[in-house]
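Understanding the architecture of this molecule
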Amino acid sequence: MEQIERKFQEKMSLAQARATQLFQIFEQDLTEEEIIALKYLYAYMPVNDLADYNGELFLNHVRTTLKIRRDMPWQVPDHIFLHFVLPYRVNTENIEEHRQILHEQLAERTSKLSMTEAILETNYWCHEVATYIGSDLRTISPLSMIRNARGRCGEESTLAVAALRSIGIPARQVYTPRWAHCDDNHAWVEAWADGEWYFIGACEPEARPNQGWFGPPARRAMLINTRILANYQGPEDITLADEWFTEINVLENYASTRAITIHVKDEFGQSVQDAEVQFQVYNMAEFFPIAILPTNAQGEATFKTGLGDLMIRAAKGGTWGELKISVADSECVELVLNQENQPAAGTMADYDMVPPPACEGEVLVELSEIRIQRHNERLEEGISIRAKYEATFVTEEAARKLGETLGLPEDRVWAVLQKARGNSVEIAAFLEAATSVYGEWALRLLECSNDKDLIDTFIPTLTDHVAGALAVRGELTEEVFVPYILRPRVHYEMITPYRTFFQQAFTSDEVALFRKDPTKLVQFIDETWDIWTDLPNLKGKGTAVGTFELRVGDRSSLDIMFVSICRSLGIPARIHPIESKPQFMVDHIFVDAQFTKGVVGGGIELANGTLILQRDQGAGTVQPTASYYENFTLARLENGFYKTLCYPHGANDLYDTPLEVEQGVYRLTTRRTIKRWYCAYQVHLFSYCRRGRDEAGHEISSIYIGNSSVRQGGTTQAADLMGRSRTDFRRSYWWKGRLCRLAGAGTRAFKAFTS
């Protein structure tokens, strides 16, 4: 309790700006058990939750959970209950009071079963209310998942964990950050029964535990882990023990493993403490770090992983080293940090990335025909129950009638209501109420929102956004107003009301100053807000209003707050779609908001260039498309690590499409799958060099690697931004053929910089 008390006091100090909303609950008549549970939750509570929620929500959650523990028949040890039943959060979902709601759905149908049977029954219920569909990176809450009746695996498993915890059964979401043998990742559920952890596929029930389609892939994984908001002591292997959370590694429950130790040294042979070590797998045409660990005082980082290949990259202070290893043949590996820049032009290397070998799982006893038949019947029953619910959504006929009544285009009204699914009645009611006041802008607001936002955004929030946006439109064109003022969502956060709040948060003089010179708003935020980062996957998930009130947040949440304030005050703003940095518009040009806290590079604005991929006209008609995150990615070298740029996932029309890049050193990565589960790629490194001028007088350079070439050209023009001179550079880069013609896949590096 001493550690929990210390951390609780630290969180009270951190959240003093919201002390009344968060901590006044301790003035109520609480039991000792309630006080312990609340202090535990607050001690490890992420900063975004301190910003966005009030104490009453957490008190209600604690009281509900403790009552469930008393009422349900399971015997769960205190330390298991504390870490895997009591927590209110599963993933990055919005927090709602759902525990009692889910309990009422499940308690009666599970309370007379064994714990193992109750786990299976709960998953049948999850199957009745939701199924799989791919979607964007924002994770919806369990109640929104039920309303929508479908979601991606991270949302299915969030629902299933919440459902199991609602009946007092310990549960956790586990996942592989990226597969080693194919693209993408996956999340599922582990549930505890009578001293043992079992796995299930969320919303994908089986007739028994430890069975699912992902079983064979999991045996080839390089990491399966989960994150616990506590200083958890195991017994599972601990990958990372952070001050505010613990990452545990459960891979050996699924696959053969080996612990490897990376010993990081400098060029003089001295051990390097606090170097960052990334353990990378090749997935989705990039090298993705499945684990990031610091080196200890001896310069070592140890990681338990599968028996496949890894790319190990370590860096400190911009100096880096890299090597590829085969885990099956490695135990202790020395890595020297002796590189500061990209390797010399003309460097070439060939690599194969081999995943862990396929292996047989546990031999399961065959189920009886009767049990298999009953299981299949339960699956069909679940589909039928879900279909009946989906039949309550607004129909096309009703949507068209609403459009006709309101004088709105019927096709567009139906398109919006169809996406809203279980929230379609709410969205229809908003259109009905708002169209008479705001005209077609009510519909335009819905159309510029993400599809997922239509399922969990309600009338008060929508009204705040349409009214607040139109109040500051001024003379902005639709091309600027709709995406950079009207659009409610900034990045991957949940839509919440913020416009009225921010329009009332500043004096008229402050608003006039910020509109005239948005750098004053940047300066105000930079000087007033502090940076606090605790849970990595919650970066950028804080609401704008909550972050504003708390006066502290992670860098991404502060950026979202900045853009939200700008849009509320009529300043067009965005998060850069590729670089993920905040920008505001001046004279129809986006300018970086140059914050200094928590920013790589210290807020220095770099000149931009353009990269263009061209087909090889001599390579025949059968060429693969240039599809981002499928067969190529582009990454820039920053502080010793390559940062993949966020071009649209799966975009397959990128030949001859200008791709914006900043000044810097880049690596283009492509791949070819030799056979199933086996990838090959090459590394080509080259840099810009001046070779002369073209007929128009533009600088041109060419670097030849084998039979491929890179052509660079550029123009320079001047622009006056906010009273200061700025040079806006434009450079173009052409790849001819090599992207599509590599014998394997390839990685290239080049420099984009201005003269």
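One structure accompanies this document, and this report is about it. (Residues numbered from 1 in each chain as written. Predicted model: local features only at pLDDT ≥ 70, side-chain atom pairs only at ≥ 80, totals over all residues. Heavy atoms only, no water.)

1. Looking at the pairing of strand E21 (residues 589-592)
Bridge analysis of strand E20 (residues 582-586) against E21 gives 4 bridges, and the strand direction is antiparallel. Paired with Val 586 across the two strands is Ile 589, which belongs to E21. Hairpin remark: E20 followed by E21, antiparallel, with 2 residues in the connecting loop; positive phi at Asp 587, about 50 degrees. (Pairing = 2+ DSSP bridges. Helix = DSSP H or I, 4+ residues; strand = E, 2+ residues; numbered from the N terminus.)

2. Quick word on the sheet that holds strand E9 (residues 258-266)
Here we have 3 strands laid out as an open sheet, ordered E12-E9-E15, and mixed in their pairing. Of all strands in the sheet, those with a lone pairing partner are strand E12 (300-305) and strand E15 (332-337), marking the two edges. When strand polarity is set aside, the average angle formed by the axes of neighbouring strands in this sheet is 25 degrees. Sheet analysis places E9 next to E12, joined by 6 bridges and oriented antiparallel. Note that in E12 the partner of Ile 262 across the bridge is Ala 301. (Axes fitted to C-alpha atoms, helices over the stretch in contact; angles between N-to-C directions.)

3. Some thoughts on the packing of helix H14 (residues 410-420) against helix H15 (residues 424-438)
Put simply, H14 and H15 touch, their axes get as near as 8 Å, and they point 145 degrees apart. Contacts between H14 and H15 involve Val 413, Val 416, Leu 417 and Ala 420 from the former and Ser 424, Ile 427, Ala 428 and Leu 431 from the latter. (Contact = heavy atoms within 4.5 Å.)

4. Examining the nonpolar core
In terms of nonpolar packing, the biggest core is built from 116 residues, with Tyr 42, Phe 279 and Leu 310 touching the most fellow members. Residues in contact with Tyr 42, not counting those within four places in the same chain, are Phe 8, Lys 11, Leu 22, Phe 23, Ile 25, Phe 26, Leu 50, Gly 55 and Phe 58. (Core = buried A, V, L, I, M, F, W, Y, C linked by side-chain atoms within 4.5 Å. Buried < 20%, exposed > 50% of the residue type's maximum accessible area, 1.4 Å probe, protein only.)

5. Details of the packing of aromatic side chains
For the structure shown, the criterion picks out 38 aromatic pairs. On the basis of an interplanar angle of 55 degrees and a centroid distance of 5.7 Å, the ring pair of Trp 244 and Trp 532 is categorised as tilted. Residue Trp 244 is found in the loop between strand E7 (237-241) and strand E8 (246-249), and its partner Trp 532 is found in the loop between strand E17 (530-531) and helix H22 (544-550); the two are separated by 288 residues along the sequence. By relative accessible area, Trp 532 is classed as buried at 17%. Members of the aromatic cluster, joined through ring pairs, are Tyr 498, Phe 501, Phe 502, Phe 506, Phe 514, Phe 524, Trp 529 and Phe 548. In this arrangement the basic side chain of Lys 7 is found over the ring face of Trp 244, its NZ or CZ atom lying 4.5 Å from the centre. When the ring centre of Trp 244 is taken as reference, the NZ or CZ atom of Lys 11 above it lies at 4.2 Å. (Phe/Tyr/Trp six-rings, centres within 6.5 Å; stacked < 30°, edge-to-face > 60°. Lys NZ or Arg CZ within 6 Å of the ring centre and 35° of its normal.)

6. A short note on empty space enclosed by the protein
Applying the stated rule across the entire model yields 7 cavities of 30 Å³ or more. Estimated volume of the second largest cavity: approximately 60 Å³. As for the second largest cavity, its lining consists of Gln 280, Glu 286, Phe 287, Thr 633, Ala 635, Tyr 642, Thr 644, Arg 667 and Thr 669. Looking at the lining of the second largest cavity, the elements with two or more residues in it are strand E11 (286-294), strand E23 (632-638), strand E24 (641-644) and strand E26 (664-670). For the lining of the second largest cavity, the residue count by class is 3 nonpolar, 4 polar and 2 charged. (1 Å grid on protein atoms, 1.4 Å probe; cavity = no way out; pocket = protein on both sides within 12 Å on 5 of 7 lines; lining within 4 Å. Points joined across faces, edges and corners; volume = space filled by probe spheres on them. Nonpolar A, V, L, I, M, F, W, Y, C, P; charged D, E, K, R; others polar.)

7. Details of the layout of surface pockets
Looking at the second largest pocket, its volume works out to about 460 Å³. In terms of lining residues, the second largest pocket is bounded by 18 residues, among which Phe 199, Asn 210, Arg 219, Asn 253 and Glu 362 are the most central. Secondary-structure elements contributing two or more residues to the lining of the second largest pocket are strand E5 (196-200) and helix H11 (215-218). For the lining of the second largest pocket, the leading source of residues is E5, giving 4 residues. Partitioned by chemical class, the residues of the lining of the second largest pocket number 7 nonpolar, 6 polar and 5 charged.

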